[in-house]
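The primary structure of each chain is shown beneath.
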2 protein chains.
Amino acid sequence: MADLISSTDRSPRADEKAGMRERRRRGRGRNRASADIVRPERKVDYRRLVNSFEPVRVYSDDRIAAIHDMALKVLEELGMRLLLPEALDLLRTRARDDVSIDDDARHCRFGRDLVAEAIATAPAGWTLHGGTPETSTVWGGRHVVWCAVGGAPHISDLDGGKRPGTMEDSRNIMRLCEHYDVMHVQGPNVEAQDIDTAFRHLEVTRAQLVLSTKPPFVYCRGKGQVADGMEMVRIARGLSEEAFRAAPHVYTVINTNSPLVLDRPMLQGIMDFAEHGQPILLTPFTLSGAMAPVTIPGALVQQHAEFLAGLVISQLTRPGAPVCYGCFTSNVAMRSGAPAFGTPENVRAAFASGQLARLVGVPWRSSGSCTANCVDAQAVYETQMALWGATLGGANFVAHAAGWMEGGLTGSMEKFIVDIEMLQQMAELMQPVAFDEDDLAFEAMRDVGSGGHFFGTQHTMERYETAFYEPFLSDWSNFNQWTENGAVQTPERANAIWKQVLRDFEPPALDESAREALDDFVARRTAEGGAPPLT
Amino acid sequence: MADLISSTDRSPRADEKAGMRERRRRGRGRNRASADIVRPERKVDYRRLVNSFEPVRVYSDDRIAAIHDMALKVLEELGMRLLLPEALDLLRTRARDDVSIDDDARHCRFGRDLVAEAIATAPAGWTLHGGTPETSTVWGGRHVVWCAVGGAPHISDLDGGKRPGTMEDSRNIMRLCEHYDVMHVQGPNVEAQDIDTAFRHLEVTRAQLVLSTKPPFVYCRGKGQVADGMEMVRIARGLSEEAFRAAPHVYTVINTNSPLVLDRPMLQGIMDFAEHGQPILLTPFTLSGAMAPVTIPGALVQQHAEFLAGLVISQLTRPGAPVCYGCFTSNVAMRSGAPAFGTPENVRAAFASGQLARLVGVPWRSSGSCTANCVDAQAVYETQMALWGATLGGANFVAHAAGWMEGGLTGSMEKFIVDIEMLQQMAELMQPVAFDEDDLAFEAMRDVGSGGHFFGTQHTMERYETAFYEPFLSDWSNFNQWTENGAVQTPERANAIWKQVLRDFEPPALDESAREALDDFVARRTAEGGAPPLT
C-alpha cells in the first residue's frame, strides 16, 4: 500500500495542530478587549474534517483476515465475469501467469499474487482538487469527505411532491452542495431526465463547473462521455493534459454487477479513470439475501472479492491509480426482497468494511441511506444508523449523505436540509476537543459556589458565543412558544431553508475565458451528436 | 472497587457463550427436518442484553485522570452544601478526620482518602431482581438495562395532545414497559397528577407491582414514601426484611442540586437506599453553561465531584451499597438558557462519563433524550445522538430511553413506540455475530455463479426467516404501495401500535394473597394520611 499523498497533504495530527494555531490566532483577534485571554475557538472548519475517533470494529482481526482470505479463494476458484474484451486483453497481457481466462464466457480467475501486487501499489490516500485550494479534499487517513445523494431518478419536495428529476433540479442540488461546507464534493445527485442521455453528461458537467468550485463527478457511461467530462474539467481548471493526469481532479463511482460480474461501462470506467490517474469509488452492489449471500460475513466476502477484482484491473492499467474501497452491503427485506438501508445489518457491514479497507490500505467509502418514503421519524432513524456506521466506522467518504430517500430512488430537498443539520452535528462531534487548565473550570466553580448559576460568570461570558454548536434547523423553543409559532415541524422548516439558500445563491467566480471555452466545447460536442451511453 | 456481583451473575463472555449454546439448542429443535444443519439463530433475547462493542473514548486516559483529580480538588477545597443535618452527622461520626464540616452553612469538604475508600467499597455490579428470574436485570460489565421516560409532568398522544399526566397514563406506560422486552425495568414515567402527592407513591408502586414483574422504581420524596415503597415491594415479592436487604429489588434516582448541593430528600434517599442495600442512579444535574461550567471538561469535573460526594455518603451508610454513576451533562442553548439534549456536546459528555464511571469501577447510566416538541425528524436525530452516545459509550443503564419529549416535560405515546423500534435495532446491533465457515458462504457463491441471484438457494432458504432483523414500525413498502396505503407516516403508525398493545394487554400473574396484602397496605396507609413528600 504505497502512500501517494502529495506533499501538500497533511497528516490528521498536522491538520489538527494547524487548526488549533489558526483558532488561537483568530481567538486573539476577537478577544482584543481582554488581552490576556487566548481561547481556542470551538468554531469548526466544516470544509476540512478530520475524525478524532478510533474506528469501531465489529470483527476481530483474525475474522477480517478470514474474510480477506476467502475473497482470495473466490477470485482464484470462482473468478469474475468481465464483459469488456479490452479488460480481458489487459489481464492477459499484463498478468499472464496469474490469470486464467475463458474468452467465450468472458470470465477470469485471479491468482493471489496478482491481488497482492495490486494491493501493494494502491495508494493510501490523495488530494482530490477543486477549483480553489479551499475546496480541495483529502481522501484517506482520518480525513472525511461528504457527498449528497447520487443517481436518484426522482426529485421531491413538499410543494411539488415526487416527480422525475430535471436539469434544474440537478442544478438546485449542486447549489445546495456549493452552499454548505459539509458537502465537500459535487456528485451525481438526481438524473436530469429532461435531457437526452447523449447530451446529459455535457450539461451536468458544465453545471457542476459553473455553479461550484468543489471537485466534480463524472459518470462512467462509456469512453466518449468520460473523455468529454475530463476535457471539460481541464478546460474549467485551466490544466494541460499532463497536469490533469498528474493529480486527481474528478472522481466517479464504479458499481459491480453483483454477484461476480463487471459490465462494459464499469470496466471501461475503471481503465479510463486509472489511465488518467483519477479516483474511483469502487463499490460492489452486494445486497445480502439478493445479489449476495444471506449472511453478512458471506456478503462481505463477495464485496471484498469484487472490490479486489476491480482493484487489480485499475492497478494493471496504471500502478498507483487512486481507488477508494466502496461498501454498499445491506440486507433485503426477506418477505418482499426489497432492499433495506440503515438497518442493524447495514451498520455491522459498514464497520466491517472499514476494517477491510484498512486491511487493504486504501480510503473507505460508506453511505448515508434510508428506505423511508417521506421525511419522518423512520427516515431519520434509518439515516442516523447509516451515518453512525460511517462516522464511528471511520469512513473517509460518505456518499448519499444528504437528500437520499426511498432506497435511492428519490432526492428530497427537505431531507437534504435535515441531513445537513445531522452532518454538521457529526462534524462537531468528531472535532478534537479543547482541554486545558481553564477548561477544567475550578476557578469558575469557586466563583459560583454551591447553589449558584454560571450564566453571568466571567468564565461563561468569555465563551458563551462559541461554546456550543448552534443548530440551524432544530427548534429549541418550548412547547408553548412552538405552538404559538404555528407548531411548525422539521420538514416545513427545512422547506423554508432550502428555498432561502437557493434565492440567495451566487455562483462562484469563474474565469470568463474558461466559461466561454466550456460553452464552446458543449456546443461543439452537442452539434457532433454528443456521446450516447455505453451499455 | 469491590466486585459484589453474586454467583448467579455471569460475565459478558459467559453470557455470550450461554446464549450461543441456547440458540444452537433451539436451532436444533426447529430444524429437525434437516438433521445435519445446526444453525445459531439470529433471534435475540432482548431481555438480557450484552453489548459486544468496546466503549468509545473521547478523552485520553490522562485527561480522564485529570478530571478525576480536579474533582477531588473541588471536594477538598470547595466542598458541597448538604442540607440534611443527619447526613452531616453521618460524615462527622464515620469520617471524622477526613471531613471539614460547617454546620451553620450545612457545608462539608471531603478529604481524598475518604473518596478513595468509598470508591474501594462501591460494587462493580449487581442483579436487580424482578418478580421472576426472567425479569431480573444485571447491572455492570457489558450488561445493558433500558428504562422509559421518567418524571415527565405531562403526557401526549396524537389523539389527545399534550395534557397533565394521570394515574391511568402512568399505568399505560407501565403496560407498554411490561410488554416490550427492551424495557427492562419500570420507571417513574409520567406524574399521576390526579392523585395527591401524599398518596401518589402508594398508587404508583402498587400499579408497578400489579401490572408488571419487572423491577420497580420508588422516588426519594422522604423517608415515609421510601419506607412505604420498599414495604410494598417486600409484600409483592414475598420477602422478609432480611431477604430484601440482602439483594437489590427496587431502585431510585438521586439528582444533585447542581452546582455542589444535595438537598434533604436526596440525601435522605441516598442513606435509605444504602441502608437497605438497594441501588441508586446517582445523577448530577450538570447542564453546561447554567448549573455547571460552560466548558464540557469543567461540567464533567463538577458532575464527577457531585457524584463522588454522594458515593461517599452512600458508602459511609453501608459499605458496598450499590451506586450507579449517572450522567446528565448536556448544554444549554446560550441565547435562551434553555436546556438542550441530543447535542454533540451531550454525546461527548456521555462518552467521557462512561470513561469516568469505568475509572471509578461502577455501572454507568446515561440517557436517551431530546429537546423536540413533536415526534418529527428533530425528535429522532436528537434521540439517536443521545442513544448512540449511550450505546457506543457502553452505558449499563439508559434512562428516558422510550417516550421522552420536550427536554423531559412530556411523555409521548407515539415517541415511546418510535424509541422501542430504535432500541430493538440497537439491541440487534450489539449482539455478538455468527461467524463460521458456512457464514462465509463460499459454496453459496459457487452455486449462484456470476450474475445469478441468491433468493432461492439452499443457503438462503435455510436462513431467510431469521437472517435479518425485521422492524415492526418501519414501512418498507415502495412509494407507490405506501401512497396507495394512505401515505401513513411513522407517528400515525406508532399510534395504532400502542393502542393495540394496550387493548391486548394482560397483566402477569400475581399471587392472590400478595395482591390482597398490597391492597390492604395501601388502604391502611391511605387511611393514615399517606406520606407527604419531604421538601
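What you see is a predicted model; the values in this text were computed from it and never measured. (Residues numbered from 1 in each chain as written. Chains lettered and ligands numbered in written order. Predicted model: local features only at pLDDT ≥ 70, side-chain atom pairs only at ≥ 80, totals over all residues. Heavy atoms only, no water.)

Caption draft 1: A look at the overall build of chain A. When helices and strands are tallied, chain A shows 19 helices and 22 strands. Taking the principal axes of the C-alpha coordinates as reference, chain A spans close to 80 × 55 × 50 Å. Per-residue burial for chain A yields a buried fraction of 63% across its 535 residues. Residue pairs in contact within chain A that sit at least 24 positions apart in sequence constitute 76% of those at least 6 positions apart. Here chain A has roughly 18700 Å² of accessible surface; of this, 49% comes from carbon and sulfur atoms. (Helix = DSSP H or I, 4+ residues; strand = E, 2+ residues; numbered from the N terminus. Buried < 20%, exposed > 50% of the residue type's maximum accessible area, 1.4 Å probe, protein only. Contact = heavy atoms within 4.5 Å. Areas by Shrake-Rupley, 256 points an atom, 1.4 Å probe, with all protein chains shown as cover.)

Caption draft 2: Broad picture of the pattern of salt bridges. Residue and element names in this part refer to chain B. Enumeration over the complete set of coordinates arrives at 64 salt bridges over all chains. A salt bridge links Arg92 to Asp103; the nearest nitrogen and oxygen atoms lie 2.8 Å apart. Here Arg92, found in helix α3 (residues 85–94), pairs with Asp103, found in the loop between β3 (99–102) and β4 (107–110); they are eleven residues apart in sequence, far enough to count as distant. By relative accessible area, Arg92 is classed as partly exposed at 32%. (Salt bridge = Lys/Arg side-chain N within 4 Å of Asp/Glu carboxyl O.)

Caption draft 3: A look at the interface of chain A and chain B. Counting residues at the interface gives 108 residues for chain A, matched by 108 residues for chain B. Of the roughly 9200 Å² buried between chain A and chain B on both sides combined, carbon and sulfur atoms contribute 70%. Broken down residue by residue, the surface that chain A buries against chain B is led by Tyr381, Phe468 and Trp476 of chain A, which jointly contribute 9%. One can count four salt bridges joining chain A with chain B. For Arg446 of chain A, the salt bridge is made with Glu77 of chain B, and the minimal N-O distance between the two is 3.8 Å. (Buried area = accessible area lost by both parts, 1.4 Å probe.)

Caption draft 4: A look at α3 of chain B. All names here are of chain B. Regarding α3, the residues found buried are Ala87, Leu88, Leu90 and Leu91. On an axial view of α3, the arc spanned by its buried residues comes to 155 degrees, and they lie on one face. On its buried side, α3 packs onto β2 (80–82), β3, β4, α4 (112–121), α9 (264–275) and α10 (296–317). (Arc of directions from axis to C-beta.)

Caption draft 5: Up close: the relation of the copies chain A and chain B. Note on the identical chains: chain A maps onto chain B by a rotation of 180 degrees and an axial translation of 0.0 Å, with an RMSD of 0.0 Å. Within this description, the copies of the chain are treated as partners about a two-fold rotation axis. Rotation axis and chain A: the residue whose C-alpha lies nearest the axis is Ala377 of chain A, separated from it by 2.6 Å. The share of interface residues of chain A whose copies in chain B are also at the interface is 100%, consistent with both copies meeting through the same surface. (Least-squares fit on C-alpha atoms with pLDDT ≥ 70 in both.)

Caption draft 6: Structural view of the environment of Pro339 of chain A. Residues and elements named next belong to chain A. With respect to the element layout, Pro339 can be found in strand β18 (residues 339–340). Here Pro339 falls in the partly exposed class, since its relative accessible area comes to 35%. Here the alpha-carbon distance between Pro339 and Met445, two residues 106 residues apart in the chain, equals 53 Å. When near neighbours in sequence (up to four residues on either side) are disregarded, Pro339 contacts Leu287, Asn331, Val332 and Thr371.

Caption draft 7: Representation of the confidence of the model for chain A within the structure. Residues and elements named next belong to chain A. Within chain A, residue pLDDT values average 92, and 92% of them lie at 70 or more. A low-confidence stretch, residues 1–39 stays under pLDDT 50, and its non-local contacts, those more than four residues away or across chains, total 54 contacts. Here the predicted complex carries an ipTM of 0.92, next to a pTM of 0.93. (pLDDT = per-residue confidence, 0-100.)

Caption draft 8: Fine view of the side chain of Asp475 of chain A. Residue placement: Asp475 of chain A occurs in the loop between α16 (458–461) and α17 (479–484). For the buried Asp475 of chain A, which has no salt bridge, the nearest side chain bearing the opposite charge is Arg493 of chain A, at an N-O separation of 4.3 Å. There is a polar contact of 2.4 Å between the side chain of Asp475 of chain A and the side chain of Ser477 of chain A. Sequence-distant contacts of Asp475 of chain A, that is, excluding residues within four places in its chain, are made with Trp482 and Arg493 of chain A together with Asn373 and Gln378 of chain B. (Lys, Arg positive; Asp, Glu negative; His and termini not counted. Polar contact = N/O pair within 3.5 Å; in protein donor to acceptor, adjacent residues only side chain to side chain.)

Caption draft 9: Seen up close, the nonpolar core. Within the largest apolar cluster, 296 residues are counted, with the highest numbers of intra-cluster contacts made by Phe110, Trp146 and Phe416 of chain A together with Phe110, Trp146 and Phe416 of chain B. If we skip the residues at most four places from it in the chain, Phe416 of chain A touches Ala148, Ile173, Leu176, Cys177, Tyr180, Met183, Ala402 and Gly403 of chain A. (Core = buried A, V, L, I, M, F, W, Y, C linked by side-chain atoms within 4.5 Å.)

Caption draft 10: Layout of unusual backbone geometry. Residue Pro259 of chain A follows Ser258 of chain A across a cis peptide bond; omega there is 0 degrees. Structurally, Pro259 of chain A is set in the loop between β12 (252–255) and β13 (261–262). Here Asn189 of chain A, not a glycine, exhibits a phi torsion of approximately 25 degrees, which is positive. Phi angles above zero are rare outside glycine, and Leu260 of chain B is one such case at about 60 degrees. Inspection of the secondary structure assignment puts Leu260 of chain B in the loop between β12 (252–255) and β13 (261–262). The buried category is assigned to Leu260 of chain B, whose relative accessible area is 2%.

Caption draft 11: Representation of the packing of helix α7 (residues 223–237) of chain B against α9 of chain B within the structure. Residue and element names in this part refer to chain B. Remark: α7 packs on α9, axes separated minimally by 10 Å, with the N-to-C direction vectors making an angle of 30 degrees. It follows that α7 is roughly parallel to α9 by the angle criterion. For the element pair α7 and α9, the recorded crossing hand is right-handed. Each of Lys223, Val226 and Met230 in α7 lies in contact with α9, whose residues at this interface are Gln268, Asp272 and Phe273. Split into classes, the residues belonging to the contact of α7 with α9 amount to three nonpolar, one polar and two charged. (Axes fitted to C-alpha atoms, helices over the stretch in contact; angles between N-to-C directions. Parallel < 35°, antiparallel > 145°, perpendicular 65-115°, else oblique. Left-handed = near helix turned anticlockwise from the far one by under 90°. Nonpolar A, V, L, I, M, F, W, Y, C, P; charged D, E, K, R; others polar.)

Caption draft 12: A look at the packing of aromatic side chains. Throughout the structure, instances matching the rule amount to 31 aromatic pairs over all chains. Measuring from centroid to centroid gives 5.0 Å for Phe217 of chain A and Tyr219 of chain A, while their planes differ by 85 degrees, and the two rings are edge-to-face. Given the relative accessible area of 3%, Phe217 of chain A is considered buried. Classification of Tyr219 of chain A as partly exposed rests on a relative accessible area of 24%. Ring geometry for Phe285 of chain B versus Phe328 of chain B: centroids 5.2 Å apart, planes at 20 degrees, classification stacked. Residue Phe285 of chain B is located in the loop between β14 (280–283) and β15 (287–288), and its partner Phe328 of chain B is located in the loop between β16 (323–326) and β17 (330–332); the two are separated by 43 residues in the primary sequence. Take Phe285 of chain B: its relative accessible area is 31%, and that puts it in the partly exposed class. (Phe/Tyr/Trp six-rings, centres within 6.5 Å; stacked < 30°, edge-to-face > 60°.)

Caption draft 13: Looking closely at the sheet that holds β17 of chain B. Residue and element names in this part refer to chain B. Judged by pairing direction, the sheet is mixed, and its three strands sit side by side in the order β15-β17-β18 without closing on themselves. Looking along the sheet, the strands with just one partner apiece sit at the ends: β15 and β18 (339–340). Pairing analysis gives two bridges linking β17 to β18, with the strands arranged antiparallel. Across the sheet, the residue bridging to Asn331 is Ala340, located in β18. (Pairing = 2+ DSSP bridges.)

Caption draft 14: Broad picture of helix α13 (residues 413–429) of chain B. Compared with the 24 Å implied by 1.5 Å per residue over 17 residues, the 25 Å span of α13 of chain B between its first and last C-alpha is a close match. Two or three places before Glu414 of chain B, at the start of α13 of chain B, stands the capping residue Ser412 of chain B, its side-chain oxygen 3.4 Å from that residue's backbone nitrogen. (Expected span 1.5 Å × (residues − 1).)

Caption draft 15: Region of the structure containing the packing of helix α9 (residues 264–275) of chain A against helix α10 (residues 296–317) of chain A. Residue and element names in this part refer to chain A. In the contact formed by α9 and α10, the axes pass within 8 Å of each other and the chain directions differ by 40 degrees. The angle between the axes of α9 and α10 places the two elements in the oblique class. For the crossing formed where α9 meets α10, the hand is right-handed. In this structure, α9 contributes Leu267, Ile270, Met271, Ala274 and Glu275 to the contact, and α10 contributes Gly310, Ile313, Ser314 and Thr317. Among the residues making up the contact of α9 with α10, the classes are represented as five nonpolar, three polar and one charged.

Caption draft 16: Spatial organisation of the pairing of strand β7 (residues 143–146) of chain B. Residue and element names in this part refer to chain B. Alternating positions in β7 separate into two faces, His143 and Val145 on one and Val144 and Trp146 on the other, with burial throughout. In this sheet, β7 lies alongside strand β1 (residues 49–50) in antiparallel orientation, the contact comprising two bridges. Looking across to β7, one finds that Val50 is bridged to His143. Looking at chain direction, β7 and strand β20 (residues 397–399) are connected through two bridges and run parallel. Among the inter-strand pairings, Val145 is bridged to a residue of β20, identified as Phe397.

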